[in-house]
Each structure stands twice: as structure tokens, then as C-alpha cells.
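A closer look at the structure
If you want the building blocks of each chain, they are given just below.
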Amino acid sequence: MATPEQIASILSQLVALHPADCFKPIDAANAGLGAVLRLLYLADQPVTAGTISEKLHVSTARVAVLLKKLVAKGLVTKGRDPVDARVTVVALTPLGAQTVQDLADHMHQQVGLLIDQIGEARLLDFIRTAQEIKDLLTPPKLNL
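Computed from a prediction, not measured in an experiment: that's the story for all the values here. Along each chain, the written sequence defines residue order, and numbers are assigned to residues from 1. Local features in a predicted model are, by the rule used here, given only for residues with pLDDT of at least 70; side-chain atom pairs are given and counted only at 80 or more, and totals for whole chains, interfaces and linings are based on all residues. Side-chain descriptors were evaluated using all non-hydrogen atoms of the structure, hydrogens and water having been removed beforehand.

Quick notes on the pattern of salt bridges
Should the charged atoms of two oppositely charged side chains come close, the side chains can pair. Salt bridge, as used here: a side-chain nitrogen of Lys or Arg that lies within 4 Å of a carboxyl oxygen of Asp or Glu. The final tally for this structure, using the stated rule, is two salt bridges. Here Arg86 makes a salt bridge to Asp84, at a shortest N to O gap of 2.9 Å. Assessed through its relative accessible area of 73%, Arg86 is described here as exposed. Classification of residues uses two cut-offs on accessible area relative to the type maximum, computed with a 1.4 Å probe and protein chains only: under 20% is buried, over 50% is exposed, and between them is partly exposed. Under the relative-accessibility criterion, Asp84 is labelled partly exposed at 22%. Of the charged contacts in the structure, one is a salt bridge between Asp125 and Arg128, with a shortest N-O distance of 2.6 Å. A residue pair is termed a helical-turn pair when its members lie 3 or 4 positions apart in one helix, as Asp125 and Arg128 do in helix H8 (residues 120–136) at three residues. Classification of Asp125 by relative accessible area gives partly exposed; the value is 40%. Working definition: helices are DSSP H or I runs of at least four residues, strands are E runs of at least two. Numbering for both runs from the N terminus.

Here it is, written out as C-alpha cells:
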């Protein structure tokens, strides 16, 4: 059984590390604007705003905000579905497709750096350990 000293030591080290900060670059590429771009890139055809909402599990209002930002940056175009003019379809622009490719290239470089510096075996051990931790931890129940 873990001692109070062990628990305090581990908690102190976790607080100092801020584990969520370690994965912010990955989260940034897979959430929000990056997630929409990636979805459109993989779809390889125009997609409805509703489909984006469903696939990303976000509200249509959030998708509308994201699309407005992406259109302003010239990364996507919005248009009407030729079959149903009430439906908005979204597609990547060439700049949007290049941006997705650049993000993927950067992520591959970063993971390559991790493998080169830390080693594949240690990274795989870390991932397995992180998954075990995720499976064991439960959020606190707050009685507010």
C-alpha cells in the first residue's frame, strides 16, 4: 500500500510537470480549427456543416464560428449544396490542404524527435503507463 509520503511526492511531481501541458501541441492540432481542417482533408470532398458538427461532437453554433474563422483565413470555402440549397457545404482551399499537410509534417517531425531523443521503447512504455493511469483514475464527485 502506498505511503502518505509516496503519495505526496508523486502529487508534487505531477503538479510541477503539468501533464496536460505535455500534449498541448497534439491537442491544438486535433481540436478546433485543426480538427475541422483534418476532417475536410480526409473527406476529400465537400462536407456539410452538420456533418462536421456530428463527427467532431460539437454544436452547430461552434462549427459556425470555426468555419467563419477558416473562411477568413482563406483555408476553406462555403457554398450551397447543389441538391439542397438550404444546406451549406464546406471544402478545403488549396491553402487549407497545404496547411493540413504542413501540420501533419510538423507533427511527424515532433514525434520523430521524441523517438530519436527518448527512444521508441520508452515512449511505448510511457503510452502504456499513461493508458493504465487513465483507466484507473476517476474524476472526483463534487457535491455542489
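Structural notes on the packing of helix H7 (residues 94–118) against H8
Two elements in contact, H7 and H8, have axes whose closest approach is 7 Å; the angle formed by their N-to-C orientations is 110 degrees. By the angle between their directions, the pair H7 and H8 is classed as roughly perpendicular. Facing Leu114, Ile115 and Ile118 of H7, the residues of H8 in contact are Glu120, Arg122 and Leu123. Residues are grouped as follows: Ala, Val, Leu, Ile, Met, Phe, Trp, Tyr, Cys and Pro are nonpolar; Asp, Glu, Lys and Arg are charged; all remaining types, including Gly, are polar. Considered class by class, the residues forming the contact of H7 with H8 number four nonpolar, no polar and two charged. For helices, the fitted line uses only the C-alpha atoms of the stretch in contact; every axis is such a line through C-alpha atoms, and the angle between N-to-C directions lies from 0 to 180 degrees. Orientation is classified from the angle alone, with under 35 degrees giving roughly parallel, over 145 giving roughly antiparallel, 65 to 115 giving roughly perpendicular, and any other angle giving oblique. We call two residues contacting when some pair of their heavy atoms lies within 4.5 Å.

Let's talk about a nonpolar patch on the surface
Taken together, the side chains of Ile7, Ile10, Leu11, Leu14 and Leu17 define a hydrophobic patch exposed on the protein surface, amounting to about 460 Å² of accessible area. Here Ile10 shows up in helix H1 (residues 4–17). By relative accessible area, Ile10 is classed as partly exposed at 48%. Patch membership requires more than 30% relative accessible area and the absence of a salt bridge. Residues of like charge join within 9 Å; the nonpolar side chains Val, Leu, Ile, Met, Phe, Trp and Tyr join within 5 Å. In these tables, accessible area is a Shrake-Rupley quantity obtained with a 1.4 Å probe, and a residue counts as shielded only by the protein chains included in the view.

Digging into unusual backbone geometry
Backbone geometry places His57, a non-glycine residue, at a positive phi of 55 degrees. Within the secondary structure, His57 sits in the loop between helix H5 (49–56) and helix H6 (60–72).

Re the nonpolar core
Among the nonpolar cores identified, the biggest contains 14 residues, and Val36, Leu40 and Ile52 are the most heavily contacted of them. Elements with a contribution of two residues or more to this core: helix H4 (33–43) and H6. Leave out the neighbours within four places in its chain, and Leu40 touches Val47, Ile52, Val76, Val90 and Leu92. Each nonpolar core is a collection of buried residues, namely Ala, Val, Leu, Ile, Met, Phe, Trp, Tyr and Cys, held together in the definition by side-chain atoms within 4.5 Å.

Here's the deal with the side chain of Thr93
Tracing the backbone shows Thr93 in the loop between strand S3 (88–92) and H7. The buried category is assigned to Thr93, whose relative accessible area is 13%. Apart from the residues within four sequence positions on either side, Thr93 is in contact with Gly74, Leu75, Val76 and Thr77.

As for the sheet that holds strand S1 (residues 47–48)
One bridge is not enough; two strands pair if DSSP finds at least two bridges between them. Ordered in space as S1-S3-S2, the three strands form an open sheet in which the pairing is antiparallel. Unpaired on one side and paired on the other, S1 and strand S2 (76–80) mark the two borders of the sheet. The pairing of S1 with S3 spans two bridges and is classified as antiparallel. Among the inter-strand pairings, Thr48 is bridged to a residue of S3, identified as Val89.

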